[in-house]
Number of protein chains: 2
Amino acid sequence: MAKANKQFRFRLWIDVNNEKFFGPGRAELLQLIDQTGSISKAAKSMGMSYKKAWAMVTEMNEYGKSAYVIAKPGGEKGGGAEVTPVGKAVIKAYLKIVGRINTVVEKEKAFLDLI
Amino acid sequence: MAKANKQFRFRLWIDVNNEKFFGPGRAELLQLIDQTGSISKAAKSMGMSYKKAWAMVTEMNEYGKSAYVIAKPGGEKGGGAEVTPVGKAVIKAYLKIVGRINTVVEKEKAFLDLI
DNA sequence: CATCGTTATGTATTACTATACATAACGCAA
DNA sequence: TTGCGTTATGTATAGTAATACATAACGATG
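Owing to the predicted nature of the structure, the values given are computational and were not obtained by experimental measurement.

Peer 1: Lay out the protein's contact with DNA strand D in plain terms, naming residues and giving numbers.
Peer 2: The immediate surroundings of DNA strand D are formed by 25 residues, with Gly74(A), Ile39(B), Lys41(B), Lys51(B) and Gly78(B) found nearest. For DNA strand D, the fraction of atoms within 4 Å of the protein that belong to sugar or phosphate moieties is 64%. In the environment of DNA strand D, a phosphate oxygen lies 2.7 Å from a nitrogen or oxygen atom belonging to the side chain of Lys41(B). Listed by contribution, the elements that provide at least two residues to the surface near DNA strand D are α3 (50–63) of chain A together with α2 (39–45), α3 (50–63), β3 (69–73) and β4 (79–83) of chain B. Each residue belonging to the surface near DNA strand D can be placed in one class, and the counts come to eight nonpolar, ten polar and seven charged.

Structure (structure tokens):
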């Protein structure tokens, strides 16, 4: 038998009023919307249904400090979506914290031999 | 409206061969088994079905470096379960890492104002 | 004014997870 | 040898989350 592959996995969320509000899924979705300019393309790209992606965007816009995504139907390319500066700031800060946690976790790899 | 309550939540798991192996649920279960000396009491105490708790114990014993829990049916009090030294070491180390992540996250609270 | 790809929204179905329930085995002690 | 509380195990049910599917609206552009 080959040596077992052991690794850490962690997830960070932000709760608002004790309800999940923002986490890895939404962070990835926001990044993909930013890259593709479209909720539907972003959703497909990460293997998520459009409906779920749309619901996430709606909830972020509703409960966030201000809208994270501006989406418009119709027009030149049928419409599209754009991540607002607030949305971009949230992504950036979230990724920064995740990076710091990752640094901590990397230092603890010796623990894996215990498992 | 009252000021929204925002807080971080994170979870840490250890994957073995890319499958979830150990995480917060199992850590809590192990601690409760250690405290109560019984899988069933531990399960009830954390609102988990005995069947699930038992399955977790079995999987930990099967895929861990060595058994984390020794369980015995029958006997004085009907039987019981004990966390092995290896199991205790895993709990302790896991909690230590979680504590370190918590320290990092605490320092980032300013981020929450952005949400 | 027809076309296009997207946003927007509702309903039905599937997939998964966990619980609920039921039952047997176990081994000490009275 | 009966009773006890636990471990051990299978099957059925329920609860939830996600997808799948279907349809309408939208607005620039040719």
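Moving on from the coordinates now.
Peer 1: Provide a residue-level description of unusual backbone geometry, including the pertinent values.
Peer 2: Within the chain, Asn18(A) stands out as a residue other than glycine whose phi angle is a positive 65 degrees. Mapped onto the fold, Asn18(A) is located in the loop between β1 (6–16) and β2 (19–22). Phi at Asn17(B) takes a positive value of approximately 50 degrees, unusual for a residue other than glycine. Topologically, Asn17(B) is positioned in the loop between β1 (6–16) and β2 (19–22). Owing to a relative accessible area of 46%, Asn17(B) belongs among the partly exposed residues under this scheme.

Peer 1: Go over the pattern of salt bridges with me, naming the residues and quoting the values.
Peer 2: Should the charged atoms of two oppositely charged side chains come close, the side chains can pair. Inspection of every chain in the model, using the stated rule, returns twelve salt bridges over all chains. The partner of Glu108(B) in a salt bridge is Lys96(A), and the shortest N-O contact between them spans 3.9 Å. With Glu108(B) in the segment after α4 (85–106) and Lys96(A) in helix α4 (residues 85–106), the pair connects residues from two separate chains. Take Glu108(B): its relative accessible area is 9%, and that puts it in the buried class. With a relative accessible area of 43%, Lys96(A) lands in the partly exposed category. Across the pair Lys109(A) and Glu106(A) runs a salt bridge, and its minimum N-O distance is 3.2 Å. Residue Glu106(A) is classed as partly exposed on the basis of its relative accessible area, which comes to 42%. Put simply, Lys96(A), Arg100(A) and Glu108(B) are held in one network by salt bridges that share partners.

Peer 1: An account of the packing of helix α1 (residues 24–36) of chain B against α4(B) is needed here, citing residue identities and associated values.
Peer 2: Residue and element names in this part refer to chain B. One can describe the packing of α1 onto α4 by two numbers: an axis separation of 10 Å at closest approach and a directional angle of 130 degrees. Looking at the two axes, α1 sits oblique to α4. Relative to α4, the crossing made by α1 is left-handed. Contact residues: Pro24, Ala27, Leu30, Gln31 and Asp34 in α1; Gly87, Lys88, Ile91, Tyr94 and Leu95 in α4. For the contact of α1 with α4, the per-class residue count stands at six nonpolar, two polar and two charged.

Peer 1: Describe in detail the protein's contact with DNA strand C, supporting the description with residues and values.
Peer 2: Close to DNA strand C lie 25 residues, the nearest being Ile39(A), Lys41(A), Lys51(A), Gly78(A) and Gly74(B). Put simply, 64% of the atoms of DNA strand C that lie within 4 Å of the protein are in sugar or phosphate. At 3.3 Å, a backbone N or O of Gly74(A) approaches a base nitrogen of DNA strand C. Gly74(B) is positioned with one of its backbone polar atoms (N or O) 2.8 Å from a base oxygen of DNA strand C. Only α2 (39–45), α3, β3 (69–73) and β4 (79–83) of chain A together with α3 of chain B provide two or more residues apiece to the surface near DNA strand C. Along the lines of polarity and charge, the residues of the surface near DNA strand C split into eight nonpolar, ten polar and seven charged.

What counts and how
Residues numbered from 1 in each chain as written. Chains lettered and ligands numbered in written order. Predicted model: local features only at pLDDT ≥ 70, side-chain atom pairs only at ≥ 80, totals over all residues. Heavy atoms only, no water. Near = heavy atom within 4 Å. Polar contact = N/O pair within 3.5 Å; in protein donor to acceptor, adjacent residues only side chain to side chain. Helix = DSSP H or I, 4+ residues; strand = E, 2+ residues; numbered from the N terminus. Nonpolar A, V, L, I, M, F, W, Y, C, P; charged D, E, K, R; others polar. Buried < 20%, exposed > 50% of the residue type's maximum accessible area, 1.4 Å probe, protein only. Salt bridge = Lys/Arg side-chain N within 4 Å of Asp/Glu carboxyl O. Axes fitted to C-alpha atoms, helices over the stretch in contact; angles between N-to-C directions. Parallel < 35°, antiparallel > 145°, perpendicular 65-115°, else oblique. Left-handed = near helix turned anticlockwise from the far one by under 90°. Contact = heavy atoms within 4.5 Å.

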